[in-house]
Amino acid sequence: MSDAIGRAEEIRSGSRRRLGEAIAAVNRVILGKSEQIDLAFSALLAGGHLLIEDLPGVGKTTLAHAIAIVTGGRWQRIQFTNDLLPADILGVSVWRRNDETFEFRPGPIFANVVLADEINRATPRTQSALLEAMAEQQVSLDGHTHPLPPPFFVIATQNPLDLVGTYPLPDSQLDRFLLRISLGYPAPEQERALLVEPDRKTLLAGLDRAMSPDDLLALAESADALHVSEPVLDYIQMLVQATRTHAALRAGLSPRASLAMLKAARAHALLQDREFVLPDDVKRIFAPLAAHRLQCHPNSGEPEHVVEEILGETPVP
Amino acid sequence: MTGALSPTTVLLVVGAFLFAALPHLAAMPPWLALVIVLAAIWRATVEVLGLRRPNWLIRGFLTFGGLALVIAHYGTFWGRRAATVLLCVMIAAKLSEMFRLRDARVVAALGYFLIATQFLFSQQLVLFAYLVVGCALVTAALMRIQRDADSAPTPVTDSPPAAAGAASVVRDGFLLMLLAVPFALVLFTLFPRLASPLWGMPENALDGRTGLSDEMSPGNIASLFADDSPAFRVSFDGPPPPRSERYWRGPVLWRFDGRTWRRLFYSNRAPERTPRPGPGAFSYTVQLEPSERRWLFSLDYPVRAPEDARLTADFELISKTPVTTLMSYDVISQPDFQDSVDLLQTMRRFALLLPEGSNPRTRAHAEELRRRYPADDRALIDAVLAWFNREDFFYSLETAPLGRHGADEFLFDLRVGYCEYYASAFVVLMRAAGIPARIVTGYQGGFWQAADEYLLVRQSDAHAWAEVWLEGQGWTRVDPTAAVSPSRIRDGARSALSGSQGWLSGEWLYQLRNQYDRLQNLWNRWVLGFDARRQQNFLASLGLDTLPPGVKAALLVALAGLVLVPLALLLQASTNARRRRDRLDRAWHRLCGRLRRAGVRPLIGETALETARRSAERIDNGHELITLAGEYSMLKYGPFRSETAVSAFGRKTAGWRPIARNPSSFNQS
């Protein structure tokens, strides 16, 4: 019995060590963005999906690519365009004359890590095919249900400024993404390193898988077991409540969002090698978790600022 | 570490200032008000559009230019008006350098002061309500400033300010005002009041206020007709006198120079005989609005002068000091009384005096009348009144100015005028006919507020009538206006002049004003009228009046405490409920208190670790602080809290003191 616990412990610590290596590897490719990388891995460990919203050329795709490689699962990249069809993502059933049966040819979504590039370029119909699969962790086609392989992690990118020929994701579907991050411009010294070092493509090509999908599943399981104290639960509730009463916001966060907040905070605590969740974890994930789920009344500011304001005004219990 | 002043806060402070200053702005010269408003708007624009901040040259120009403007217009910084205008100008100038929290706090505090100064000019109910809103806004601004101070400095963003944040803080401002109500009530009723104000009101302090003056020349009273503001309110102990008997006696005028009627110095004597209150007497309380003058008004023949006033030989009531605040006095009037059964020779001469060589036609007409009624003064007067009534004399405000022979022109050419013209011409005619006559000014009529049983007399009820001295009857009231326009006396000047004014004096507005006055009356009676005497009575009704002052003061403190302590406890409980109970939190908060004293203020939304990391940059033993914060977090949020560990933590924090990096880092926030 105690031996079993010990072995589980051993496996977990091995997984944890490999996770550390994976994060370090990503940090070597994407310079100076350790906070965002932490958040990306938090989403991964919390079993949620990640939306990276930023200008072209700041390394969105490279980040997604690097994460996909180091986590070691099967990964697929889908470049979203406006003529992309749901079948291009989900797969098709083809008629096999020999057997006189339909054969399901799985689409690129059947992977552990799916990189959905420029998701807002596809039509809403295609978008919702992806988002439904994200929510259900399975694909239903022609009356058959095809489960997606766990872990299933979607990293979507979009360019917030590109408005021509795009279909902005509806707010209800933005909810499917656990966290939304943006990378921002690199600091001067990182940019210099970028200029001096070999090309990112070369670096990516040199990346090795650092862990396996099983490691991810084990870690996600142990993240769910982290201790969360009453004051931290209070804090989560207070933050959620603040979004519901804030005058600038059209609607507050849903209970699903508060559950997500708990999950993400646990994952974040795990990444810090802590056995319990601190309010600091909640604070760190609050903005990436809340900002894209909230909308302001016209002319009353941006959700990003409201979220910062709420953090600044909610006392930490 | 202090946060930066956010645009929302600046807009709120500027808005609160403009709101608080509005009544002052309305009273100052428009160009000066424009300067202030423009300065405020400019400051707001700088913030919203992110323009360059004004440099010292512009700020200096604004400050000294403002000073010069005030001096140029008022010639002085002294006096209520000039000083408050100066205050407004200087706050507007201060706005131009308000870029730090400290400056914003100064402006907000001055906002309270600015609001308090309004009461030097008026204590009306509407103004009070307006200023309560102003106070709430200033409070909201102050709260918003504090919020800026407590929030960590965020990177500069060029997004529009969150206006909704301002709305919620304004709501909180009103809530705070609401919380202050019980405290205000206790202080209002119990705080010792002085029988006389601490500072004297300068004379002529109420600028732009018209009231009945102590002389009368054409146009004097007409200027009052347009003024619907209340002059005084009367509540009677019994039924009020009929409308036609409501003559509110004010200054009595004798001397006439052909144009202006003035008082006579001899009138200031005490009366030789005063009426005796008997059946038919009226007993009433007058609440006189501030008028800057000393005149008190009463129905005919006040029995004696109220406190702090005296009764003259003409039965005028004169206050010892100008009436600068709402004044309440009790009078008993006896209508059945013969004023001056014998007329002194000197007084008789004054009552017959006319300027040499004036009004020949009136004199001729008087002589003719005298010939017709050689001995019967009464019949002569009746004949004149009948003449007024019969011939085409009109009651109207639209008159032509009169020349040297005013009475002549009026009686024979113009024949259009109002009470002043009639009273003046009538007295001239009487004097020419050898009948002693004088003018009485005051108010006539008033609006009976049936629901609250008080009589509202407005400035527009101002009136002038005549008194003639008749053998055996003494001074007798004759109102020539009543002969021309009975409706003036029956229904008031308003109805007699109806149709001559715009929609603003429409019936609905008049009704609204009457309704509003009922509120104002209650306000006057219960709030403004709550003076030292009323307070004594109130305390007496509680049986507290005989207590020595020290005990009374102690009682006041105790009562205030009775209100405040539960309030404070409630607040404490709601904010610190858990912190107070927990030993661990107590230890951490003690530590935060020490940090605060060392100049590092923990912010509201900060976790213990964040506070520690931020503070570590400013103190020398920051690493120890971070370790402590880590231990605290582990004990508080981790799964392994034990009481021994908490005790150990308590001991560790008890001995810990922040070591300031250098002396200058003290008290920076």
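Computed from a prediction, not measured in an experiment: that's the story for all the values here.

Across its full length, chain B carries 23 helices and 16 strands. Sequence separation of at least 24 residues holds for 74% of the intrachain contacts in chain B that already meet a minimum separation of 6. Counting every atom, chain B has about 32000 Å² of accessible surface; 61% of that belongs to carbon and sulfur.

All names here are of chain B. Within strand S14 (residues 454–458), five of the five residues are buried, which leaves it mostly tucked inside the rest of the structure. Every second residue of S14 is oriented toward a common face, with Tyr 454, Leu 456 and Arg 458 on one face and Leu 455 and Val 457 on the other, all of them buried. Pairing geometry for strand S1 (residues 230–236) and S14, over four bridges, is antiparallel. Paired with Val 234 across the strands is Leu 455, a residue of S14.

Let's shift gears to the packing of helix H1 (residues 7–27) of chain B against helix H4 (residues 80–95) of chain B. All names here are of chain B. Two elements in contact, H1 and H4, have axes whose closest approach is 11 Å; the angle formed by their N-to-C orientations is 150 degrees. When the axis of H1 is compared with that of H4, the two are roughly antiparallel. Handedness of the H1/H4 crossing: left-handed. Where H1 abuts H4, its residues Val 14, Phe 17, Ala 21, His 24 and Ala 27 lie against Arg 81, Thr 84, Cys 88, Ile 91, Ala 92 and Leu 95.

Okay, the pattern of salt bridges next. Residue and element names in this part refer to chain B. One pass over the structure, following the stated rule, counts 48 salt bridges over all chains. One salt bridge connects Asp 314 with Arg 438, and the closest N-O pair in it is separated by 3.0 Å. With Asp 314 in the loop between strand S7 (309–311) and strand S8 (317–319) and Arg 438 in strand S12 (residues 437–444), the pair connects residues that are 124 residues apart, well separated along the chain. With a relative accessible area of 1%, Arg 438 lands in the buried category. Three or more residues joined by partner-sharing salt bridges are found here, namely Glu 245, Arg 249, Asp 300, Asp 314, Asp 339, Arg 438, Glu 467 and Arg 477.

A few words now on the domain arrangement of chain B. What the domain assignment reports for chain B is domain 1 (7–190), domain 2 (222–515) and domain 3 (581–665). For domain 1 of chain B versus domain 2 of chain B, the separation of C-alpha centres amounts to 48 Å.

Time to look at the sheet that holds strand S6 (residues 295–296) of chain B. Residue and element names in this part refer to chain B. Here we have three strands laid out as an open sheet, ordered S6-S8-S7, and antiparallel in their pairing. The sheet is open, and its two edges are formed by S6 and S7, each paired on a single side. Bridging between S7 and S8 involves three bridges; their strand directions are antiparallel. The partner of Arg 310 across the bridge, within S8, is Ile 318.

All names here are of chain B. The share of residues in chain B with pLDDT of 70 or more is 88%, and the mean pLDDT across the chain is 81. Below pLDDT 50 for its whole length, residues 153–164 participates in 14 contacts with residues either more than four positions away or in separate chains. Low pLDDT (under 50) marks residues 200–209, which in the prediction has 18 contacts with non-local residues, meaning those over four places away or in another chain.

This paragraph deals with helix H11 (residues 255–271) of chain A. In an α-helix there are 3.6 residues to a turn, and that puts residues three or four apart on one side. Taking 1.5 Å per residue, 17 residues should reach 24 Å; H11 of chain A reaches 24 Å between its end C-alpha atoms and fits that length. Positive backbone phi, at 60 degrees, marks Asp 273 of chain A, one or two positions downstream of H11 of chain A.

Glancing now at the environment of Cys 296 of chain A. Residues and elements named next belong to chain A. One can find Cys 296 in the loop between helix H12 (279–290) and helix H13 (303–313). In this structure the C-alpha to C-alpha distance between Cys 296 and Pro 150, which are 146 residues apart in sequence, comes to 36 Å. Discounting residues that sit within four places of it in the chain, Cys 296 has contacts with Ala 248, Leu 249, Arg 250, Gly 301, Glu 302, Pro 303 and Val 306.

Our next topic: the interface of chain B and chain A. Across the boundary between the two partners, chain B contributes 22 residues, which contact 26 residues of chain A. Buried area between chain B and chain A, summed over both chains or domains, comes out near 2100 Å², and the portion from carbon and sulfur atoms is 60%. Viewed at the interface, chain A and chain B are joined by three salt bridges. Ionic pairing is found between Glu 309 of chain A and Arg 147 of chain B, a salt bridge with its closest N-O pair at 3.9 Å. Inspection of the chain B/chain A interface yields seven residue pairs in polar contact (both at pLDDT 80 or more). Among the secondary structure elements, those contributing two or more residues to the side of chain B that touches chain A are helix H7 (163–190), helix H19 (549–581), helix H21 (608–616) and helix H22 (622–637) of chain B. Counting residues per element, the side of chain B that touches chain A draws most heavily on H22 of chain B, which supplies four residues. Tallied by class, the residues present in the side of chain B that touches chain A amount to nine nonpolar, seven polar and six charged.

What counts as what
Here the residue numbering is sequential within each chain, running from 1 through the sequence in written order. Here every chain gets a letter starting at A, and every ligand a number starting at 1, in the order they are written. In view of the model being predicted, local features appear only for residues whose pLDDT reaches at least 70, and side-chain atom pairs are presented and counted only at 80 or more, with totals across whole chains, interfaces and linings using the full set of residues. Just so you know, side-chain values use all the structure's heavy atoms and leave hydrogens and water out. Strands here mean DSSP runs of E at least two residues long; helices mean DSSP runs of H or I at least four residues long; both are numbered from the N terminus. Contacts between residues were defined by any pair of non-hydrogen atoms, one from each residue, lying within 4.5 Å. In this description, accessible areas are obtained by the Shrake-Rupley approach with a 1.4 Å probe, and a residue is regarded as covered only by the protein chains that are shown. Type-normalised accessible area, obtained with a 1.4 Å probe on protein chains alone, sets the label of each residue: buried when under 20%, exposed when over 50%, and partly exposed for intermediate values. Any two strands are treated as partners once DSSP identifies two or more bridges connecting them. Only the contacting stretch of a helix is used when fitting its axis, a line to C-alpha atoms as for every element, and angles between N-to-C directions run 0 to 180 degrees. In what follows, roughly perpendicular refers to angles from 65 to 115 degrees, roughly parallel to angles under 35, roughly antiparallel to angles over 145, and oblique to any angle outside these ranges. Rotating anticlockwise by less than a right angle from the far helix to the near helix defines a left-handed crossing, while the corresponding clockwise rotation defines a right-handed one. The salt bridge criterion pairs a side-chain nitrogen of Lys or Arg with a carboxyl oxygen of Asp or Glu, the two atoms within 4 Å. Throughout, the edges of the domains are those of an automatic or database domain assignment. Each residue carries a pLDDT score, the predictor's confidence in it, ranging from 0 to 100. To estimate how far a helix should extend, the number of its residues minus one is multiplied by 1.5 Å. Throughout, the accessible surface (probe 1.4 Å) given up by two parts as they are put together, summed over both, is called the buried area. A 3.5 Å cut-off defines polar contacts: any pair of N or O atoms within that distance qualifies, except that in protein one atom must be a possible hydrogen donor and the other a possible acceptor, and neighbouring residues in sequence count only when both atoms are side-chain atoms. Under the convention adopted here, Pro, Cys and the residues Ala, Val, Leu, Ile, Met, Phe, Trp and Tyr are nonpolar, Asp, Glu, Lys and Arg are charged, and Gly plus all remaining residues are polar.

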